[in-house]
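Working through the structure, step by step
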Amino acid sequence: EGMALPQRIVSPREKICMDWQQRQRPGAGLFNLGNTCYVNVILQCLTYTPPLANYLLSSKHSQSCQQQGFCMMCTMEAHVRKVLCSSASAILPGAVLRDLKFIGEEFEYGRQENAYEFLRCTLSAMHRACVSGSSSSSQQTTIVHQIFGGFMKYTVTCLSCQAVVDSYKAFLDVSLDIRAASSLITVLEDCVTPKQLDQKECFRCSKCKKKAAASKKVTVHRAPRVLTLCLERADQLTGTKISKFVEYPEYLDLRPYMSDTSGEPLLCSLYAIVVHSGDTCLEGHFLCYTKASNGLWYKMDDESVDNCDIHTVLGQQAYLLFYAR
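This write-up is about the structure you can find in this document. Just so we're clear, the structure is a prediction, and the values are computed from it rather than from any experiment.

How each quantity is defined
Residues numbered from 1 in each chain as written. Predicted model: local features only at pLDDT ≥ 70, side-chain atom pairs only at ≥ 80, totals over all residues. Heavy atoms only, no water. Helix = DSSP H or I, 4+ residues; strand = E, 2+ residues; numbered from the N terminus. Rg over C-alpha atoms; globule rule 2.2 N^0.38 Å. Buried < 20%, exposed > 50% of the residue type's maximum accessible area, 1.4 Å probe, protein only. Contact = heavy atoms within 4.5 Å. Areas by Shrake-Rupley, 256 points an atom, 1.4 Å probe, with all protein chains shown as cover. Lys, Arg positive; Asp, Glu negative; His and termini not counted. Charge placed at Lys NZ, Arg CZ, Asp CG, Glu CD. Pairing = 2+ DSSP bridges. Salt bridge = Lys/Arg side-chain N within 4 Å of Asp/Glu carboxyl O. Arc of directions from axis to C-beta. Core = buried A, V, L, I, M, F, W, Y, C linked by side-chain atoms within 4.5 Å. Phe/Tyr/Trp six-rings, centres within 6.5 Å; stacked < 30°, edge-to-face > 60°. Axes fitted to C-alpha atoms, helices over the stretch in contact; angles between N-to-C directions. Parallel < 35°, antiparallel > 145°, perpendicular 65-115°, else oblique. Nonpolar A, V, L, I, M, F, W, Y, C, P; charged D, E, K, R; others polar.

Before going further, it helps to examine the overall build of the protein. Along the protein, the regular secondary structure elements total ten helices and 14 strands. Since a compact globule built from 325 residues should have a radius of gyration of about 20 Å, the 21 Å found for the protein is in line with a globular shape. Overall, the C-alpha framework of the protein stretches about 65 × 45 × 40 Å when taken along its three principal axes. Within the protein, the fraction of its 325 residues that count as buried is 50%. The long-range fraction of contacts in the protein, counting pairs at least 24 apart against all pairs at least 6 apart in sequence, stands at 68%. Carbon and sulfur atoms form 49% of the exposed surface of the protein, whose accessible area is close to 15,900 Å². Of the charged side chains in the protein, 34 are positive and 31 negative, and the gap between their average positions amounts to 9 Å.

Here we take up the sheet that holds strand β6 (residues 195-196). To summarise the sheet geometry, strands pair through backbone hydrogen bonds and adopt either a parallel or an antiparallel arrangement. One open sheet holds the four strands; their spatial order is β4-β3-β7-β6, and the pairing between them is antiparallel. Each edge of the open sheet is held by one strand with a lone partner, namely β4 (164-171) and β6.

Below, the discussion takes up the environment of glutamate 14. Among the structural elements, glutamate 14 can be located in the segment before β1 (29-30). Judged by relative accessible area, which is 23%, glutamate 14 ranks as partly exposed. In the structure, glutamate 14 is positioned 133 residues away from isoleucine 147 in sequence and 9.8 Å away in space, judged by C-alpha atoms. Discounting residues that sit within four places of it in the chain, glutamate 14 has contacts with Tyr55, Lys60, Ile143 and Gln146.

Let us now look at the pattern of salt bridges. Throughout the structure, instances matching the rule amount to seven salt bridges. Measuring nitrogen to oxygen at the nearest pair gives 4.0 Å for the salt bridge that ties aspartate 99 to arginine 98. For the salt bridge of arginine 179 with aspartate 177, the shortest nitrogen-to-oxygen distance reads 2.7 Å. Aspartate 177 gets classed as partly exposed once you look at its relative accessible area, which sits at 38%. Three or more residues joined by partner-sharing salt bridges are found here, namely Glu108, Arg111 and Glu113.

Before going further, it helps to spend a moment on helix α9 (residues 184-191). Listed in full, the buried residues belonging to α9 are Leu184, Val187 and Leu188. Projected onto a plane normal to the axis of α9, the buried residues spread over an arc of 95° and lie on a single side.

The sheet contact formed by strand β12 (residues 297-301) and strand β13 (residues 304-308) spans five bridges and is antiparallel. Along β13, the bridge assignment pairs methionine 300 with valine 305. Connecting β12 to the antiparallel partner β13 that follows it, the hairpin turn spans two residues, and aspartate 302 within it adopts a positive phi of roughly 55°.

This part covers the nonpolar core. Ranked by size, the top nonpolar core spans 60 residues in total, and within it Ile42, Phe118, Phe148, Val274 and Leu320 carry the most contacts. At nine residues, the largest contribution of residues to this core is made by helix α7 (residues 115-131). For leucine 320, the contacting residues outside a window of four places in its chain are Ile42, Tyr116, Leu119, Leu229, Cys230, Ala272, Ile273 and Val274. Within the second largest apolar cluster, 36 residues are counted, among which are Val174, Ile178, Tyr257 and Leu270.

Scanning all chains against the criterion turns up eight aromatic pairs. Look at tyrosine 38 and phenylalanine 118: their rings are 5.6 Å apart centre to centre, the planes differ by 90°, and that puts the pair in the edge-to-face class. Pair noted here: tyrosine 38 is in helix α1 (residues 37-47) and phenylalanine 118 is in helix α7, with a separation of 80 residues, a long-range link. Within the aromatic cluster, the residues linked to one another by ring pairs are Tyr38, Phe107 and Phe118.

On to the packing of helix α2 (residues 50-57) against helix α4 (residues 72-85), then. The N-to-C vectors of α2 and α4 enclose an angle of 100°; their axes lie 9 Å apart at closest approach. Compared by their axis directions, α2 and α4 come out roughly perpendicular. Side by side, α2 and α4 meet where Tyr55, Leu56 and Leu57 of the first sit next to Met73, Met76, Glu77, Val80, Arg81 and Leu84 of the second. The class makeup of the residues in the contact of α2 with α4 is seven nonpolar, no polar and two charged.

Keep in mind these values describe shape, not function.
Shown next, in the form of C-alpha cells:
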C-alpha cells in the first residue's frame, strides 16, 4: 500500500495566500431546485476557502485556459465571483447543475446525493481541468493539490525482527470512523496508535523472508494547507446513520499526528462545516456553516444566509469539517 515519497514537483507552484485578499460581507445564498442541497453546501464551503477563493477571483486560470467545452475551474471562477459580488440575496448555481454529469457520472439531477462524494468529484474535476492537455497529467501538482493535498505515511513494523517499511499515500481529504469516539481528538489519537495487522493482511517481511505478525502506524507526513475531514455517519455494518455528537475544536494542532512530532505546533482553524439532518444517510437535508471574509460565522441553508456564533457552530452533529492552516 502506498508509494515512495515524490522528490520533485513537475508543474510550477502557485503562490498561495492563506488570508482573504478582499474582506466583505457574506455573499449570496443558493437556490435549491429540488434535492440540490448537497451541491449547495459544497459550493459554499469551497467559496469560503480563502486560498481557493483568492486564486479563483484572480481569474488566473480562465485567462490561460484553452479547454474546449466544460471546464470545472472556469465554472468555479464564475460561480465564486457571482456569489461574492452579487447584490441578490440568493442566486442559482445553474452552470454547476447543468453539468453535473461532467463532475461525476453518478450524479443525477433531481436525486438526493451525498455531499462528501460531490466534494471529492468536484476537486477531482478541478484537478483534471488544470492538467487538461498535459502529457504528464498524472505527475502534476495542481492548485487543488497545493491547497488540499497532503501525504500520509504508513509505517509497518515486523514483530518478528523489528524491520520497518515506510510507504506514502497522497490525499485530498481524510475519512474518520467515529463509532467508538466522543471527540475528534480521540479519533485522531486512535488513528496514529500502532495496530497489529489482522491475519487477513498477509505481511511478508523483506528482512527475515517470512510471513510474520506486523503492526501498522499511520501518520500525517506532509500536512495540507486545508485539511478536510469526513466524520463517517453511515454505519458500514448496519447501514444506519450515526447521529451522535462528536466534539471538535475551533483550533486544531496537527503536530501530535505528524510523522515528526517535534517542533512548533501546526495550528489549523475551523472555517466551515457541513451538517446532515435526517434519519438515514440516503435522504434528508444538507446545510453548512461558514466563516466569511469579515471573520463572522453564518448559517447557510440553501437561499438563507443568517448570522450565528462559534458556539452554535461547535454544537452541531458535523459531517464534514474544513480546517485551514
